[in-house]
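Here is what each chain is made of, one letter per residue.
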Amino acid sequence: MRLLYFAWVKEKAGVAAEDIEPPENVATIAELIVWLKTRGPEFANAFARSEVIRAAIDKSHARHDAKIKGAREIAFFPPVTGG
Amino acid sequence: MIRVQQEDFDIGAEIARLKAGRTDIGAIVSFTGTVRDRGGAVTEMTLEHYPGMTEAELQRIEAEACARWPLQASLIVHRYGALKPGDNIVLVVTASEHRDAAFEAAKFLMDYLKTRAPFWKRESGPGGTRWVEAAESDDASAAAWKPKRAAE
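Now for a quick tour of the structure. Note that this is a predicted model, so its numbers are computed, not measured.

## Remarks on the overall build of chain A
Then, in step 1: Counting secondary structure elements, chain A contains 3 helices and 5 strands.
Then, in step 2: Starting at the N terminus, the α and β elements of chain A follow one another as β-α-β-α-α-β-β-β.
Then, in step 3: In terms of overall dimensions, chain A is globule-like: its C-alpha atoms have a radius of gyration of 12 Å, near the 12 Å expected for 83 residues.
Then, in step 4: Its C-alpha atoms give chain A principal-axis dimensions of roughly 35 × 30 × 20 Å.
Then, in step 5: By residue count, 30% of the 83 residues in chain A fall in the buried class.
Then, in step 6: Restricting the contact set of chain A to residue pairs at least 6 apart, pairs at least 24 apart contribute 52%.

## With respect to the sheet that holds strand E7 (residues 119-125) of chain B
Residues and elements named next belong to chain B.
Then, in step 1: Ordered in space as E5-E3-E7-E8, the 4 strands form an open sheet in which the pairing is antiparallel. Each of the sheet's edge strands pairs with one partner strand only, and the pair in question is strand E5 (81-83) and strand E8 (128-131). Each strand axis lies, on average, 20° off the axis of its neighbour in the sheet, ignoring direction.
Then, in step 2: Note that strand E3 (residues 44-49) and E7 share 6 bridges and pair antiparallel. When the sheet's bridge partners are listed, Glu48 is paired in E7 with Trp120.

## Comments concerning the interface of chain B and chain A
Then, in step 1: On the side of chain A, 14 residues touch chain B, which itself brings 22 residues to the contact.
Then, in step 2: For the side of chain B that touches chain A, the elements supplying multiple residues, two or more each, are E3, helix H2 (53-68), helix H3 (99-116) and E7 of chain B.
Then, in step 3: Residue classes in the side of chain B that touches chain A are distributed as 14 nonpolar, 4 polar and 4 charged.

## Regarding the pairing of E8(B)
Residue and element names in this part refer to chain B.
Then, in step 1: As defined by bridge partners, E7 adjoins E8 across 4 bridges and the pair is classed as antiparallel. Paired with Glu123 across the bridge in E8 is Arg130.
Then, in step 2: Between the antiparallel neighbours E7 and E8 lie 2 residues.

## A word on unusual backbone geometry
It is generally the case that most residues other than glycine have a negative phi and that most peptide bonds are trans.
Then, in step 1: The backbone of Ala7(A) sits at a positive phi, close to 55°, despite the residue not being glycine.
Then, in step 2: One can find Ala7(A) in helix H1 (residues 7-13).
Then, in step 3: With 23 C-beta atoms counted inside 10 Å, the residue Ala7(A) sits in the buried group.
Then, in step 4: Here the phi dihedral of Arg38(B) falls at roughly 45°; this positive angle occurs in a residue that is not glycine.
Then, in step 5: Residue Arg38(B) is classed as exposed on the basis of its C-beta count, with 10 C-beta atoms lying within 10 Å.

## Digging into the environment of Pro41(A)
Residue and element names in this part refer to chain A.
Then, in step 1: Tracing the backbone through its elements, the reader meets Pro41 in helix H3 (residues 41-46).
Then, in step 2: A residue is classified by how many C-beta atoms lie within 10 Å of it, and Pro41, with 10 of them, is exposed.
Then, in step 3: C-alpha of Pro41 to C-alpha of Gly70: the two residues are 29 residues apart in sequence and 28 Å apart in space.

## As for the packing of H3(B) against helix H4 (residues 136-143) of chain B
Residue and element names in this part refer to chain B.
Then, in step 1: Where H3 meets H4, the closest approach of the two axes is 8 Å, and the angle between their N-to-C directions is 130°. Overall, the two elements H3 and H4 adopt an arrangement that is oblique. Relative to H4, the crossing made by H3 is left-handed. Of the residues in H4, those in contact with Asp111, Tyr112, Lys114 and Thr115 of H3 are Asp138, Asp139, Ser141 and Ala142.

## Focus on helix H2 (residues 29-37) of chain A
All names here are of chain A.
Then, in step 1: Residues of H2 that are buried include every one of Ile29, Leu32 and Leu36, and no others. Buried residues of H2, seen end-on, are gathered within an arc of 55° and therefore sit on one face of the element.
Then, in step 2: As for H2, its buried residues are in contact with H3, strand E3 (54-57), strand E4 (60-62) and strand E5 (73-77).

## Concerning the sheet that holds E5(A)
Residues and elements named next belong to chain A.
Then, in step 1: The 5 strands lie next to each other as E2-E1-E5-E3-E4, forming an open sheet whose pairing is mixed. Each of the sheet's edge strands pairs with one partner strand only, and the pair in question is strand E2 (17-19) and E4. Shown here is a sheet whose adjacent strand axes are inclined to one another by a mean of 25°, direction ignored.
Then, in step 2: Bridge count between E3 and E4: 3 bridges; the pairing is antiparallel.

The rules behind each value
- Residues numbered from 1 in each chain as written.
- Chains lettered and ligands numbered in written order.
- Predicted model: local features only at pLDDT ≥ 70, side-chain atom pairs only at ≥ 80, totals over all residues.
- Helix = DSSP H or I, 4+ residues; strand = E, 2+ residues; numbered from the N terminus.
- Rg over C-alpha atoms; globule rule 2.2 N^0.38 Å.
- Buried ≥ 20, exposed ≤ 12 C-beta atoms within 10 Å, placed from the backbone.
- Contact = placed C-beta atoms within 7 Å.
- Pairing = 2+ DSSP bridges.
- Axes fitted to C-alpha atoms, helices over the stretch in contact; angles between N-to-C directions.
- Nonpolar A, V, L, I, M, F, W, Y, C, P; charged D, E, K, R; others polar.
- Parallel < 35°, antiparallel > 145°, perpendicular 65-115°, else oblique.
- Left-handed = near helix turned anticlockwise from the far one by under 90°.
- Arc of directions from axis to C-beta.

Written out as structure tokens, the structure reads:
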């Protein structure tokens with residue numbers, strides 16, 4: 001699946017987009033975050049305050065308990081500040 | 001209608017286009033959000049967004065407003081990229097037969113856009129560069145509309 005990062009999540013992770021295949025046992029957004037944090041200090045730092053990180057699955061807002069099975073694109077970003 | 005663009009918009013021209021040839025509209029409300037310098041602390045603002053989701057989310061927000069109020073026309077224009085203090089950021093226009101629907105829908109669109117549209121502001125100034133933090137008051141404003149959504 002395609003992962004996208006925006007704003008300070010992108011800056012801290014040091015990557016804007018990547019294609020990854022998480023392990024089979026990673027079923028939700030929350031579990032994906034836990035797994036991403038194990039990929040290195042940049043990701044551990046980017047997702048340190050995981051409770052403030054927002055996510056979207058295929059361009060729709062998704063809660064941390066949302067299932068990721070079948071998702072083509074998952075995005076992680078801080079709370080939005082437009083308008 | 002929604003638009004996401006780098007270039008500026010002309011509020012008068014947007015309203016003129018929206019009401020061109022229409023004689024059924026009785027009330028038009030517009031809201032414009034602009035870049036503040038916050039007492040000289042901000043010299044530039046950069047707006048990042050999530051292409052694709054931004055458009056989809058703005059369309060969802062607009063559709064929700066149209067489902068809740070008898071709007072005859074609506075428009076959301078949101079800019080991205082590098083902006084300066086005084087520059088326009090966002091325009092919301094609502095048109096209806098009577099003013100209440102237009103006023104309420106315009107506020108609803110802004111309240112929802114503030115908490116749901118995937119934009120992020122980064123401010124630069126003499127003190128450095130920082131990502132703008134989301135305001136809790138924005139969440140409260142958006143949440144205040146929720147009781148009325150029970151009918152959905």
